[in-house]
Amino acid sequence: MHRQPNGHTSASHQQSPLAKRSGPATVTFSNVDPYASDDDVDPSEDYFNHDQISPEGVADTDDDYNIDDEPKEIWSSILKGVAATKAQLPIKNVIVLGDARAGKQTIIDALRQHTEDPDQQTNDKGSRLALSYSYMEVTEDDSEDVVARVGLYNLSNDVAYQSLLRFALNLDTLADSLVVLVLDWTKPWTFFDSLDRWLTFLERSVGVMVEQRTRLVEELRGKLECFIRDYVEPAGDGQEGSTGAAIPPRPEPSTPSASQVVLPLSRGTLTNNLGIPLVIVAAKSDATVNLERERDYKEDQFDFIQQSLRTVCLKYGAALFYTSTHRPQTLTNLRSYVLHRLIGTPATYSSAVSSVGGQSLQLVTPSSFAFDLRARVLDRDTVLVPSGWDSWGKIRVLREGFDCEGMSGLEEEG
């Protein structure tokens, strides 16, 4: 601010939209003592003088100023702030594999919950593309704050396009990825041929990355092994929608020290460790009714299929989910499990001493994106087996006489 010889005070370097409409200028305020209090100002006087222009103000004014630039600058600042916030979000990836018309796009739509902009939805187009991509932004249940962004890749079943997997699963994304392999219950006789082709393809892809960065893959393999070894079954009742009364804390995966005794995994568990969380989805499970009616499938055949799938899942440390659009909860459970594996954090317990009576208390930090449903294997339409729960012993309980060794390819070990 500058004191003029006539007692006026000019506001140099301050721009007024009213002044700018008639050309660059600086507005002056007449007959105002800048140090006067509000009580000293006469509201009847016109202190706002548009006709007096400070010479200093004219000299310092930007001749290129445009009032229309002001809102643009505001929006630019806001957009930059939003972009910076999103750039800090954890980025996770789900790669969906499976044969044509197996139901891959239905699984993707269920994961996204159709909450995104309709223009982002791929609908049936994804199945006709070599490699389609969509995404979802994940929020906490009790908050609208976005905590992660999950990319969803749908790879064509055509062998000619399998090389495109490297754009979704590579050394940069491996540690933050999960693979969903979709099977089609309308054609259960294709299950094991499909599993063999896609799992062999995955093993080959990971093998290439092992050659490029062995240490990274070995670390991820160790992390997956710890996850399976440390699995603790929730204390819920196992019913749909059950949240469980209390969930024991999952120990944080860690590399054991030399003094720690690490128990080996049960036989047949994680013999093929890819280092990637894997979920096998047997989609369209409501088709079992048609199989029973039209193809004369019996209960023992359904049990055999489940036992075979569970044995293969155990071999790769994979989870198993039966899903159906006629049983929406199955898709909801799948989504909860995928988020649990990608961005879930374990509950933590710590001890504290109460100031009253000196009693010892436990402080609990609840787990984030916990999956608190127990395994279920009796209802053939809603089978759910989390990674780490199963074993050959549990598989044999479903129906005696099942050859776990033969299905795992371990019969030669006796």
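Here the structure is shown first, and the text comes after it.
Presented here is a report on the structure given in the accompanying data block. (Residues numbered from 1 in each chain as written. Predicted model: local features only at pLDDT ≥ 70, side-chain atom pairs only at ≥ 80, totals over all residues. Heavy atoms only, no water.)

1. Some details on the overall build of the protein chain
Now for step 1: Tallying secondary structure elements over the protein chain gives 11 helices and 13 strands in all.
Now for step 2: Counting the 414 residues in the protein chain, one finds 43% classified as buried.
Now for step 3: Long-range pairs, those at least 24 residues apart, make up 68% of the contacts in the protein chain between residues at least 6 apart in sequence.
Now for step 4: Taken as a whole, the protein chain presents about 22900 Å² of accessible surface, with 50% of it coming from carbon and sulfur. (Helix = DSSP H or I, 4+ residues; strand = E, 2+ residues; numbered from the N terminus. Buried < 20%, exposed > 50% of the residue type's maximum accessible area, 1.4 Å probe, protein only. Contact = heavy atoms within 4.5 Å. Areas by Shrake-Rupley, 256 points an atom, 1.4 Å probe, with all protein chains shown as cover.)

2. Side note on the pattern of salt bridges
Now for step 1: Summed over all chains, the structure comprises 17 salt bridges.
Now for step 2: Salt-bridge contacts for Glu225 lead to Arg229; the nearest nitrogen and oxygen are separated by 2.6 Å. Of this pair, Glu225 and Arg229 both sit in helix α6 (residues 214-229), 4 residues apart, which is roughly one turn of that helix.
Now for step 3: Given the relative accessible area of 28%, Glu225 is considered partly exposed.
Now for step 4: Given the relative accessible area of 27%, Arg229 is considered partly exposed.
Now for step 5: In this structure, Asp390 and Arg310 form a salt bridge, with 2.7 Å as the shortest nitrogen-oxygen distance. On the criterion of sequence distance, the pair formed by Asp390 in the loop between β13 (384-385) and α10 (392-398) and Arg310 in helix α8 (residues 299-316) is long-range, its members being 80 residues apart. Considered together, Asp390 and Arg310 belong to a single accessibility category, that of buried residues. (Salt bridge = Lys/Arg side-chain N within 4 Å of Asp/Glu carboxyl O.)

3. Comments concerning the packing of aromatic side chains
Now for step 1: Within this structure, the stated rule accounts for 10 aromatic pairs.
Now for step 2: Note on Trp185 and Phe302: the rings are 6.1 Å apart at their centroids and 55° apart in plane angle, and the pair reads as tilted. Here Trp185 is found in the loop between β8 (177-184) and α5 (191-212), whereas its partner Phe302 is found in helix α8, with 117 residues between them in sequence. Just as Trp185 is buried, Phe302 falls in that class too.
Now for step 3: Each ring, one from Tyr337 and one from Phe371, has its centre 5.1 Å from the other, and the planes form 80°; the classification is edge-to-face. Remark: Phe371 occurs in the loop between β12 (360-365) and β13 and Tyr337 occurs in helix α9 (residues 328-343); sequence separation between them is 34 residues. (Phe/Tyr/Trp six-rings, centres within 6.5 Å; stacked < 30°, edge-to-face > 60°.)

4. Examining the side chain of Asn273
Now for step 1: In this fold, Asn273 is placed in the loop between α6 and β9 (278-283).
Now for step 2: Here Asn273 is in contact with Arg221, Leu224 and Glu225, once residues within four sequence places are set aside.

5. With respect to the packing of α5 against α6
Now for step 1: Remark: α5 packs on α6, axes separated minimally by 5 Å, with the N-to-C direction vectors making an angle of 125°. By the criterion of interaxial angle, the relationship of α5 to α6 is oblique. Side by side, α5 and α6 meet where Val206, Met209, Val210 and Gln212 of the first sit next to Thr214, Val217 and Arg221 of the second.
Now for step 2: The residue makeup of the contact of α5 with α6, split by class, is 4 nonpolar, 2 polar and 1 charged. (Axes fitted to C-alpha atoms, helices over the stretch in contact; angles between N-to-C directions. Parallel < 35°, antiparallel > 145°, perpendicular 65-115°, else oblique. Nonpolar A, V, L, I, M, F, W, Y, C, P; charged D, E, K, R; others polar.)

6. Regarding the environment of Asp176
Now for step 1: Inspection of the secondary structure assignment puts Asp176 in the loop between β7 (146-155) and β8.
Now for step 2: Once the C-alpha coordinates of Asp176 and Ile276 are considered, the two residues, 100 residues apart in sequence, prove to be 8.8 Å apart.
Now for step 3: In contact with Asp176, not counting residues within four places along its chain, are Ile91, Lys92, Asn93 and Leu342.

7. What about the sheet that holds β7?
Now for step 1: Strand order across the open sheet formed by 7 strands is β6-β7-β5-β8-β9-β10-β13, with mixed pairing between neighbours. Looking at which strands have only one partner, the edges of the open sheet turn out to be β6 (131-139) and β13.
Now for step 2: Both strand β5 (residues 91-98) and β8 contribute to a ladder of 6 bridges, which runs parallel. Paired with Ile95 across the strands is Val179, a residue of β8.
Now for step 3: Contacting β5, β6, β7, β8 and β9, helix α4 (residues 104-112) runs over the sheet at an angle of about 175° to β7.
Now for step 4: The strands that α8 touches are β8, β9, β10 (319-322) and β13; relative to β10, the one it contacts most, it runs at about 145°. (Pairing = 2+ DSSP bridges.)

8. Describing unusual backbone geometry
Now for step 1: The phi dihedral of Leu270 is positive, around 55°, even though this residue is not glycine.
Now for step 2: On the basis of relative accessibility, which here comes to 8%, the residue Leu270 falls in the buried class.
Now for step 3: Positioned with a positive phi, Asp296 is a non-glycine residue whose angle comes to about 60°.
Now for step 4: Along the chain, Asp296 turns up in the loop between α7 (288-294) and α8.

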